[in-house]
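# Chains, contacts and geometry: an overview
Read off the chains here:
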Amino acid sequence: MEERVNPKWTFRKKNVYNLMAVIFLAISTAFGYMFYTDTDVTSIPNKVNPAGPPTFSRMLYGGFGEEALVKGMDVSVIGDNIYVTDAKSKRVQVFNPDGTLRLRFGTEGNKPGEFNFPYGIAGDSKNNVYVVDLYNGCISVHDSNGKFLRYFAEKDPKEMVIDSPGGLRIVDDKLYVTEIKRGKIYVFDLTGKKLLEVGKPGIMPGELRSPNAVTADAEGNIYVTDTGNQRIQIYDKTGKFIRSINGSKDGKGTSSLVNPRGIALDSRGNILVVSNLTHFVFAFDKEGNEIYTFGGNGGATYQFSLPNGLCIDKNGSIYVTDTANQRVAIYD
């Protein structure tokens, strides 16, 4: 039996298809017009906010067994390699840019090339490596392969030019180092000549209690984690106090930082600081306004457990020694 098609239904279907085509054409035309001519249309935001927290990239763990990173305290990118002080193993671990272990240097002791508590670490323009030994009270200088060259600013630690060094950084051929017990910051040229002493023990603005990490900007302004006073302090190139930052208004209220440690400046001049006992990294602008935080307590990829050291390389990558998790976290 032949199926009969209702002409009315065929006419309705054609009308529906035609209407759909007209609607589609109208919508396409409208959106095309807005795309090319309407300046008020909101653009699609970038996936990464340049003013927001960085994006996790990868971890460094060291090798296995005796080659493992045990207690990473500070980190610095010197040349193309990543240098990490390992206080528990009394040595420095050196990684290639891809994160593979390149070499280790240092053994336990108080003789040249030996360490009792390697802590702060930095490099100069010749890729020489400067290592703070907190317990031996000295800074030793090594070549890029770890060969001991000399003690910095003294013939040997018994001279006590440097007594209880903590963190150090080299900026524009000047070495900045914190003196933990003396409550000071020293600035040297790279021949070992002392250029400046900043701060004194105390709790007042400009005074220091157990200063830990230090850095400087291109103008010579000095930034230090005043650990015992739970704040960051900023001085100009002559050592004159500028301001305190702790996450509160004017840096005078309750601090957001608990046991602040590593400190670094990004390319925008923002200040990044490790809050060791809250397991976060905070970012502030130079006026002390909080911009963002990242981290939190735990062993997951985006978490820390007692983080300590912090550095930012020339490409803007951020390195954090995640001490209790026995690794270094890298963010881009």
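Source: prediction; values computed, not measured. Per chain, residues are indexed from 1 in the order of the written sequence. Only residues with pLDDT of at least 70 are given local features in this predicted model, and only at 80 or more are side-chain atom pairs given and counted; all residues enter the totals for whole chains, interfaces and linings. Side-chain measures here rest on the full set of heavy atoms in the structure, leaving out hydrogens and waters.

## Considerations on the sheet that holds strand E17 (residues 222-226)
Worth spelling out the cut-off: Any two strands between which DSSP finds at least two bridges are classified as paired. What counts as a helix is a DSSP run of H or I of at least four residues, what counts as a strand is a run of E of at least two, and both are numbered from the N terminus. In this analysis an axis means a line fitted to C-alpha atoms, helices contributing only their contacting stretch, and an angle means the value between N-to-C directions, from 0 to 180 degrees.
On the basis of which strands lie adjacent, the open sheet formed by 4 strands has the order E16-E17-E18-E19 and antiparallel pairing. What marks the edges here is a single partner per strand, and that holds for strand E16 (211-216) and strand E19 (241-245). With strand direction ignored, the average angle separating the axes of adjacent strands in the sheet is 20°.

## Points about the nonpolar core
Operational definition: Residues belong to one nonpolar core when they are buried, are Ala, Val, Leu, Ile, Met, Phe, Trp, Tyr or Cys, and are joined through side-chain atoms within 4.5 Å. Note on classification: 1.4 Å probe, protein chains only; a residue is buried when its accessible area is under 20% of the maximum for its type, exposed when over 50%, partly exposed between these limits. Contacts are assigned to residue pairs with any non-hydrogen atoms lying within 4.5 Å of each other.
Counting 17 residues, the largest nonpolar core has Tyr-130, Ile-139, Phe-152, Leu-168, Leu-175, Val-177 and Phe-188 as the members making the most contacts within it. Put simply, the parts of the chain that give this core at least two residues each are strand E8 (118-123), strand E9 (129-133), strand E10 (138-142), strand E12 (165-171), strand E13 (174-179) and strand E14 (184-189). Among all residues touching Val-177, those that are not within four sequence positions of it are Val-132, Ile-139, Pro-165, Gly-166, Gly-167, Leu-168, Lys-184, Ile-185, Tyr-186, Phe-188 and Val-214. If you look at the next biggest cluster of nonpolar residues, it comprises 15 residues, including Tyr-292, Phe-304, Leu-310 and Tyr-331.

## Some words on the pairing of E8
Buried residues dominate E8, accounting for 5 of its 6 residues. The pairing of E8 with E9 spans 4 bridges and is classified as antiparallel. Its bridge partner lying in E9, Ile-121 is registered against Val-131. The loop that links E8 with its antiparallel partner E9 comprises 5 residues; one of these, Asn-127, has a positive phi angle of about 70°.

## A word on unusual backbone geometry
Phi angles above zero are rare outside glycine, and Ala-153 is one such case at about 70°. Relative to the elements of secondary structure, Ala-153 occurs in the loop between strand E11 (148-151) and E12. Of note in this structure, His-279 is not a glycine but carries a positive phi near 65°. Along the polypeptide, His-279 turns up in the loop between strand E21 (271-275) and strand E22 (280-284). Since its relative accessible area comes to 12%, His-279 is described here as buried.

## Considerations on the packing of aromatic side chains
Just so we agree on the cut-off: Here is the rule: rings of Phe, Tyr and Trp (six-membered ring for Trp) pair when centre to centre is within 6.5 Å. Planes less than 30 degrees apart are stacked, more than 60 are edge-to-face, and the remainder are tilted.
Throughout the structure, instances matching the rule amount to 15 aromatic pairs. For the pair Tyr-186 and Phe-188, a centre-to-centre distance of 6.1 Å together with 85° between the ring planes defines the contact as edge-to-face. Grouping residues by exposure puts Tyr-186 and Phe-188 together as buried. Aromatic rings pair up to connect Phe-56, Tyr-292, Phe-294, Tyr-302, Phe-304 and Tyr-331 into one cluster.

## Section: a nonpolar patch on the surface
Selection rule: Patch definition: residues above 30% relative accessible area lacking any salt bridge, with like charges linked at up to 9 Å and the nonpolar side chains Val, Leu, Ile, Met, Phe, Trp and Tyr linked at up to 5 Å. Accessible surface is estimated by sampling points in the Shrake-Rupley manner with a 1.4 Å probe; for residues, cover comes only from the protein chains shown. For salt bridges, the criterion is a side-chain nitrogen of Lys or Arg within 4 Å of an Asp or Glu carboxyl oxygen.
On the surface, Val-258, Leu-277 and Leu-306 cluster together to form a nonpolar patch covering roughly 220 Å² of accessible area. Inspection of the secondary structure puts Leu-306 in the loop between strand E23 (290-295) and strand E24 (307-312).

## Section: the pattern of salt bridges
Once their charged atoms are close, side chains differing in charge can pair, the charge on each being opposite to the other. All chains considered together, the criterion is met by 11 salt bridges. We note a salt bridge from Arg-104 to Glu-67, for which the minimum N-O separation is 3.6 Å. Taken together, the residues span a long stretch of sequence, with Arg-104 in strand E5 (residues 101-105) and Glu-67 in the loop between strand E1 (56-60) and strand E2 (72-78) at a distance of 37 residues. When the shortest N-O distance is used, the salt bridge between Glu-207 and Lys-200 registers 3.9 Å. Three or more residues joined by partner-sharing salt bridges are found here, namely Asp-163, Glu-179 and Arg-182.

## What to know about the layout of surface pockets
Here is the rule: The method works on a 1 Å grid over the protein atoms by themselves. A cavity is a set of points holding a 1.4 Å probe that cannot get out, a pocket is an open set with protein on both sides within 12 Å along at least five of seven lines, and residues with an atom within 4 Å of a point line them. Grid points are joined across faces, edges and corners, and a volume is the space filled by probe spheres set on the points. Throughout this entry, Asp, Glu, Lys and Arg are counted as charged residues, while Ala, Val, Leu, Ile, Met, Phe, Trp, Tyr, Cys and Pro are counted as nonpolar. The remaining residues, Gly among them, count as polar.
Estimated volume of the largest pocket: approximately 990 Å³. Taken together, 36 residues line the largest pocket, and the ones lying closest to its centre are Ser-76, Val-77, Ile-312, Asp-313 and Lys-314. Of all elements in the fold, only E2, E8, E12, E16, strand E20 (260-265) and E24 reach the threshold of two or more residues within the lining of the largest pocket. Residue classes in the lining of the largest pocket are distributed as 14 nonpolar, 11 polar and 11 charged.

## Quick look at empty space enclosed by the protein
Rolling a probe over the atoms, with the probe sized like a water molecule, indicates the empty space that remains. Summed over all chains, the structure comprises 1 cavity of 30 Å³ or more. Taken as a whole, the largest cavity encloses approximately 110 Å³ of empty space. As for the largest cavity, its lining consists of 17 residues, of which Asp-74, Gly-167, Asn-212, Ala-213 and Gly-262 are closest to the centre. Contributions of two or more residues to the lining of the largest cavity are made by E2, E8, E12, E16, E20 and E24. Ranked by residue count, the leading element in the lining of the largest cavity is E12, at 4 residues. Residues of the lining of the largest cavity, tallied by class, amount to 7 nonpolar, 7 polar and 3 charged.

## Side note on the confidence of the model for the protein
The condition is simple: On a scale of 0 to 100, pLDDT captures the predictor's confidence in every residue.
Taken as a whole, the protein shows an average pLDDT of 88; of its residues, 85% reach a score of 70 or greater. Within the model, the stretch residues 1-14 combines pLDDT values under 50 with 1 contact to residues more than four positions away or in other chains. Under a pLDDT of 50 for its full length, residues 19-48 has, in the predicted model, 3 contacts with residues more than four places off or in other chains.

## Quick word on the pairing of strand E26 (residues 327-331)
Along E26, 5 of the 5 residues are buried, which leaves the element largely enclosed by surrounding structure. Burial along E26 is two-sided: Arg-327, Ala-329 and Tyr-331 and Val-328 and Ile-330, pointing in opposite directions, are all buried. Two elements, strand E25 (residues 318-322) and E26, share 5 bridges in a ladder whose sense is antiparallel. Across the sheet, the residue bridging to Ile-318 is Tyr-331, located in E26.

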